[in-house]
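Survey of secondary and tertiary structure
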Amino acid sequence: MSMLKLPAHASLGERVWHYTYLVICGLIFLFLISPILIVIPLSFNAEPYFTFTREMLTFNPDGYSMRWYDRILTFGMTAPDAVRDSSWWKDVWNNADWISAAKNSVIIGVFSTLLATALGTLAALGLSRPEMPYRRLIMGVLISPMIVPLIITATGLFFFYSATGLAHTYVGIIMAHATLGIPFVIITVTATLVGFDHSLTRAAQNLGATPFTVFRQIILPLILPGVISGALFAFVTSFDEVVVVLFIADFDQQTIPRQMWNGIREQISPTILSVATILVIFSILLLTTIELLRRRSERLRGLSPG
Amino acid sequence: MNRQAVIAGAIALVFGGAAQAADEITVMSWGGAYTKSQVEAYHKPWMAETGNVVNSVDSDNPATPIKAQVEAGNVSIDVADVEYSDAIRLCDEGLLEEIDTSMLPAAPDGTPAEEDFIDGALTDCAVANIVWSTVYAYDTTKFEGNAPTTIADFFDLEGFPGKRGLRKSAKANLEMALMADGVAPDEVYDMLESEEGVERALAKLDTIKSEVVWWEAGAQPPQLLADGEVAMSTAYNGRIFNAAIGEGQPFEIVWDGQILDFDLFVVPKGAPNAEAAMDFIAFATDTQRLADQASWISYGPARKSSGELVGLFNDGKTEMAPHMPTAEANLAGALVNNFEFWADRDTEISERFNAWLNI
Amino acid sequence: MSTTAPPAPLLPSNAVDSTGPITAADGTPLQTALSRATRKARIRAFLLVAPLLAFVVLTFVAPIGQMLWRSVSNDSFSANMPALTAWFAENEALGSDGGPEGDGIPGEDAFEALATDLKGARENRTAGIVGTRVNYDLSGTRSLFTKSARQARKLEAPFKAALLDVDEDWGDAELWSVMRSASRTYTGDFYLAALDMQRNVDGEIEAVPENRRIYVPLFVRTLWLSALIAGLCLLLAFPVAHLLARLPLRYSNILMIFVLLPFWTSLLVRTTSWMVMLQSQGVVNDLMVAVGIVGDDGRIQMMYNQAGTIIAMTHILLPFMILPLYSVMKTIPHDYVRAARSLGATPSTAFWRIYFPQTVPGIGAGVLLVFILAVGYYITPALVGGSSGQLISNLIAFHMQKSLNWSLAAALAALLLAGVMLLYWLYDRLIGIDNMKFG
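It should be emphasised that the depicted structure is a prediction, and the values quoted were computed from it without experimental measurement.

**A look at the overall build of chain B**
- Counting its secondary structure elements, chain B contains 15 helices and 10 strands.
- For 359 residues, the compact-globule formula gives about 21 Å, and the C-alpha radius of gyration of chain B, at 21 Å, lands near that figure.
- Counting only C-alpha atoms and orienting by the principal axes, one finds that chain B spans roughly 70 × 50 × 40 Å.
- Across the 359 residues that make up chain B, the buried fraction comes to 57%.
- Restricting to contacts in chain B with at least 6 residues of sequence separation, those with at least 24 account for 74%.

**Observations concerning the overall build of chain A**
- Along the backbone of chain A there are 13 helices and zero strands.
- Counting from the amino terminus, chain A carries its helices and strands in the arrangement α-α-α-α-α-α-α-α-α-α-α-α-α.
- In terms of overall dimensions, chain A is more spread out than a globule: its C-alpha atoms have a radius of gyration of 25 Å, far above the 19 Å expected for 306 residues.
- In terms of its C-alpha atoms, chain A occupies a principal-axis envelope of roughly 75 × 70 × 40 Å.
- In chain A, which comprises 306 residues, the proportion classed as buried is 46%.
- Across chain A, contacts joining residues at least 24 apart in sequence account for 71% of those joining residues at least 6 apart.

**Digging into helix α7 (residues 173-182) of chain C**
- Counting buried residues along α7(C), nine of its 10 residues qualify, which places the element largely inside the surrounding structure.
- Along its buried surface, α7(C) packs onto α2 (82-90), α4 (127-137), α8 (189-194) and β1 (197-199) of chain C.

**Quick look at the pairing of strand β8 (residues 251-266) of chain B**
Residues and elements named next belong to chain B.
- For β8, the buried fraction is high: 14 of the 16 residues fall into the buried class.
- Pairing between strand β3 (residues 79-83) and β8: four bridges, direction antiparallel. If you follow Glu-83 over to β8, its bridge partner there is Asp-263.
- With 12 bridges connecting them, strand β4 (residues 126-139) and β8 associate as antiparallel partners. Paired with Trp-132 across the bridge in β8 is Asp-261.
- For β8 and strand β10 (residues 335-336), the ladder comprises two bridges, and the chain directions are parallel. The residue bridging Leu-260 from the neighbouring strand is Val-336, located in β10.

**Here's the deal with the interface of chain C and chain A**
- On the chain A side, the residues contacting the 80 residues of chain C number 82 residues.
- Per-element tally for the side of chain C that touches chain A: the top contributor is helix α1 (residues 30-69) of chain C, with 20 residues.
- Taken together, the residues that form the side of chain C that touches chain A break down as 58 nonpolar, 15 polar and seven charged.

**Notes on the nonpolar core**
- With 288 residues, the main nonpolar core has A:Ile248, B:Ala137, B:Val266, C:Leu317, C:Val370 and C:Leu412 as its most contacted residues.
- Each residue touching B:Val266, except ones within four places of it in the same chain, is listed here: B:Ala80, B:Val82, B:Ala87, B:Leu90, B:Leu96, B:Cys125 and B:Ala126.
- C:Phe111, C:Leu138, C:Phe145 and C:Ala152 belong to the second-largest nonpolar core, a separate cluster that totals 32 residues.

**Comments concerning the interface of chain B and chain A**
- Contacts between chain B and chain A engage 17 residues on the former and 14 residues on the latter.
- Elements with a minimum of two residues in the side of chain B that touches chain A: α1 (3-14), β1 (24-29), β2 (53-58) and α10 (220-226) of chain B.
- The residue inventory of the side of chain B that touches chain A, partitioned by class, reads eight nonpolar, nine polar and no charged.

**Focus: the domain arrangement of chain A**
- The domains assigned to chain A are domain 1 (1-38), domain 2 (43-95) and domain 3 (100-301).
- Inter-centroid distance (C-alpha atoms) of domain 1 of chain A to domain 2 of chain A is 41 Å.

**Some remarks on the domain arrangement of chain B**
Residues and elements named next belong to chain B.
- With domains assigned, chain B is organised as domain 1 (3-131 + 263-322) and domain 2 (133-260 + 327-358).
- If you look at the interface, domain 1 gives 19 residues, while domain 2 gives 18 residues.
- Those elements giving two or more residues to the side of domain 1 that touches domain 2 turn out to be α2 (32-50) and α4 (84-92).
- Top contributing element to the side of domain 1 that touches domain 2 by residue count: α4, with five residues.
- Of the residues assigned to the side of domain 1 that touches domain 2, the class counts are 11 nonpolar, five polar and three charged.

**Looking at helix α15 (residues 339-358) of chain B**
- Of all the bends found along α15(B), the most pronounced is centred on B:Arg345 and spans about 65°.
- The buried fraction of α15(B) amounts to 15 of the 20 residues, a majority that puts the element mostly inside the structure.

**What to know about unusual backbone geometry**
All names here are of chain C.
- Here the bond from Ala-157 into Pro-158 is cis, since omega is -5°, no more than 30 degrees from zero.
- You can see Pro-158 is positioned in the loop between α5 (142-150) and α6 (159-166).
- If you check the backbone angles, Asp-196 has positive phi at about 60° while not being a glycine.
- Along the chain, Asp-196 turns up in the loop between α8 and β1.
- The phi torsion at Leu-404 lies on the positive side, around 60°, for a residue other than glycine.

**Here we look at the packing of helix α5 (residues 97-127) of chain A against helix α8 (residues 170-193) of chain A**
Residue and element names in this part refer to chain A.
- One can describe the packing of α5 onto α8 by two numbers: an axis separation of 6 Å at closest approach and a directional angle of 40°. When the axis of α5 is compared with that of α8, the two are oblique. By crossing handedness, the relation of α5 to α8 is classed as right-handed.

**Observations concerning the confidence of the model for chain B**
Residue and element names in this part refer to chain B.
- Model confidence for chain B is summarised by a mean pLDDT of 90, while 94% of its residues fall at 70 or above.
- By mean pLDDT, α1 is the weakest element of chain B at 52, and strand β7 (residues 232-236) is the strongest at 97.
- Across residues 15-20, where pLDDT falls below 50, the model places two contacts with residues more than four positions away in sequence or in other chains.
- Scored as a complex, the prediction yields pTM 0.89 and ipTM 0.89.

**What about the environment of B:Pro301?**
Residues and elements named next belong to chain B.
- Within the element layout of this structure, Pro-301 appears in strand β9 (residues 300-301).
- Each C-alpha atom of the pair Pro-301 and Ile-130 lies 4.7 Å from the other, and the pair is 171 residues apart in sequence.
- For Pro-301, the residues in contact, after removing those within four places along its chain, are Ile-130, Leu-290, Ala-291, Gln-293, Ala-294, Ser-306, Gly-307 and Val-310.

**Remarks on the environment of C:His242**
- Examined against the element boundaries, C:His242 turns out to sit in helix α9 (residues 215-246).
- Through-space distance from the C-alpha of C:His242 to that of C:Leu317 is 18 Å; in sequence the pair is 75 residues apart.

**Let's talk about the environment of C:Ser273**
- Counting through the fold element by element, C:Ser273 comes out in helix α11 (residues 267-278).
- The sequence separation of C:Ser273 and C:Gly432 amounts to 159 residues, and the corresponding C-alpha distance is 34 Å.

Procedures and definitions
- One numbering rule holds for all chains: residues counted from 1, following each sequence as written.
- By the order in which they are written, chains take letters starting at A while ligands take numbers starting at 1.
- Note on the predicted model: pLDDT of at least 70 is required for a residue's local features to be given, and 80 or more for side-chain atom pairs to be given and counted; whole-chain, interface and lining totals, by contrast, use all residues.
- Secondary structure elements follow DSSP: runs of H or I of four or more residues count as helices, runs of E of two or more count as strands, with numbering from the N terminus.
- Just to be clear, the radius of gyration here is over C-alpha atoms, and the globule rule we use is 2.2 Å times residues to the power 0.38.
- Residue burial is a threshold on neighbouring C-beta atoms within 10 Å of the residue's own C-beta, all placed from the backbone, with 20 or more meaning buried, 12 or fewer meaning exposed, and counts in between meaning partly exposed.
- Note that contacts rest on C-beta atoms placed from the backbone: two residues are in contact if these are within 7 Å.
- At least two bridges found by DSSP between two strands are what make those strands a pair.
- Here the term charged refers only to Asp, Glu, Lys and Arg, the term nonpolar to Ala, Val, Leu, Ile, Met, Phe, Trp, Tyr, Cys and Pro, and the term polar to all other amino acids, Gly among them.
- Among buried residues, those of type Ala, Val, Leu, Ile, Met, Phe, Trp, Tyr and Cys that are joined through C-beta atoms within 7 Å form a set called a nonpolar core.
- Residue ranges assigned to each domain were obtained from an automatic or database domain assignment.
- Consider a residue and the seven residues that end there alongside the seven that start there; fitting an axis to each set, the bend is the angle between those axes.
- For helices, the fitted line uses only the C-alpha atoms of the stretch in contact; every axis is such a line through C-alpha atoms, and the angle between N-to-C directions lies from 0 to 180 degrees.
- An angle below 35 degrees is treated as roughly parallel, one above 145 as roughly antiparallel, one from 65 to 115 as roughly perpendicular, and anything else as oblique.
- Take the far helix as the reference: if the near one is turned anticlockwise from it by less than a right angle, the crossing is left-handed, and if turned clockwise, right-handed.
- Across the chain, each position has a pLDDT score giving the predictor's confidence in that residue, from 0 to 100.

Structure below.
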């Protein structure tokens, strides 16, 4: 790595320390990334093991296969061995465990994100106003779902939902996940409102704009990157959440993480790794989106040269 | 499609769609190979015959979620498969619907169900479907030339080194520990009545505690053995059979010190579809269905009349009889689970066990 | 971004009239108008927040409050043993030398109430519930209730002798003292249990026998492992954050992917990955065998024990340490260190005296955040922790789902929550929750 320049007058000791330091950093980066990447090749393992076989290490094509990806589709089907025509795919769509888990995850994720984003953005607008009363206290309450251990939230909801009939319903899970996503929306949206010039809205109002027009024409374009990245955070929170689902969802309301939890503890097969690989690719896409949004936001607000 | 139709569709998707004509029941069992055997032998034929739908769900031990559901008042399970002592305990606590055993079909030769079932297989709230046992099994590749044969060998780390898998519960572990410590099977429960007996069992478990990997779901022991995480593990005998015979894993069962038990169908109090649940139980526990189940996993049917119908494993060549926990050769050194003991004492002994486990 | 200055407010001419109080355009005094406008603005701001606040109170604050209520309220004895509960309410505590015979055992009237209740419990199938409740406080008594209830129909006066005949444990003074305290619907006993304490016969609080203490050791383990994990995270995050902060942006943006990708990857995926890595037949052990560090039969157990919990949680929480550290380090001008060096400081002096103190806010933020998140962890210890790597959350889940001792679960949750809230308050004081940032 030659990105860090060492001054020409550096002593031998400094040089040794410098390179040791770079090696240490390299190892830490390896520690961070290797568990994420290791699952990708292993998910193509032809054998039902979680380690590299001899064939894999010698890049023998026989050591690799797509069978575990196929299993994502066939697991739970009524007739997995039938001819793969349209009725086979229909069977996949209706009965495969991972597919129905994915459907549940998406439904719950989308609705809870919409709820969290709508309420969270509105609240962030209020919280960022200088006149907001009890700002610190209210902010503390609204952020707390992120801090309170999930097991406590989950047990609380278990009793509350059992008493109100919301247990085992999608509405219940959606509301719970929205609550968990809200802190992220508030944090990201208030961050985009830092340094917001309130005279802009006053100017618009003086020029006769209705509050709604002011919001749509002035505020929204500025906070949109924050809203979107907050929404992405909320979606990922829901998409990744398993503790609350374990406590309040019915046994057939499996989500992807819940299905993974079952799989890890029971029929642990490389199928889990192929699902994990798909999720890693999913997070790479999310990461890219977030990064693009961040740059756009900074450019819009003139904070950095983009 | 216009916007309203999309929204309506989404709502229908979220809230479960249109009303169903057929009954849908949720059956909770123990997962893995065992659930599969029930799906094949009970669920599919019942669905085909009645047009109803069985929604199969799994738990490490169905007795705990149904107890939680009934006590919290949000029951969604219609039928659960539980151990004998739990069936008695839950029934005692008023958490189960009573089952009228006269609705159960008679044997093909006309013997009424009450006489056809093995002694004890029918109770106020439960109908047994199988006899199973807790055994221990080992990985034959790890003990070539020096295989363990007795329950004492499981606790002998010097003679038979390697990690051990044990179920994370007091039940079965304490009995096995005492038997390994030299207590005769018929004295085990007398000894466990006293605090000293429990402490003696825990002291025996202490000798292997550092080498134990604890499992909760029945599917875990074959997995732990296959992954090489443990050299030997206690397990439900059918799971080992399916891994060894069905999948060709190098596992061997040691029958010495096995603990026999029933699994029974129960209906939680307030089950959403209790009527269909009863119908399912009557169907699933008839002579033919119980015999069919035994061709998927090595658990003995709870009806005497099913015994002669049990034949080959679904691979078409393995004779099931010698793999059953009730086979004559496997019964030497066997212990029959004392359900009354565990129904009464499970809570308090579990508490002691957990304190021991977590220190 | 360039904006034109807003038009200067046009003050009505009477506002600058020096003879009277300053008034607004409609003639009201300016101060009144101003405070009215401020109040309006405050209300408007609050109205924007109100829907969310109501939502969070409904789906979060209220459910948790209701759950915690269970830690002090349990009516499973009083609801199912009405006669004996009434007797306890009417009669003072006996103490170890009370009762007609001075042995702490009440007389016939109490036993009659007990027999009535046991008959009722037999009818309603509630003996198990009552027994379970008493068993929480005095281990080994549940079977006493179920057994006696089974024989309750045969009980006849004199009930004291009859019940002692069924089981002599009914003549245990401690049992009577425990039943008395269980008969109170509102009780602090579950907090005592959560702290490994109990009441003795005379109602004094004492520690439970050593072999039954689990909760305090588990709280201690949770705090100790969380501190260790936070420390490890700091140790690993510091050099990396420092490197990222000093590199030119185009390089650090690339390296940042190594931090952000794990951050965005599902918790279960990362836990699974660690199981794959740490198994005895897993990647790390295979690698060590291949390199020759350990023999094939000497594979190291790194999972299903504390090591598994520590390794996996350190990895999962590391980004939460790197990101705040990085954002603080980025603002530290490198000139200071250079100036110190040119003034003759050794590299280590320059680092410890000049650079390090400026990173302290970032360290504080990261350590506190990681610690707060770690003490509540459940999923990862449950999957890779074995029995020695379990944290307090796992025990709360155990009492919620397995033993179903919900009041104790609530008491443990309350203690955990109190600790987390204290840390949260500290975080807000020192760092400010508005300064939390991601990505």
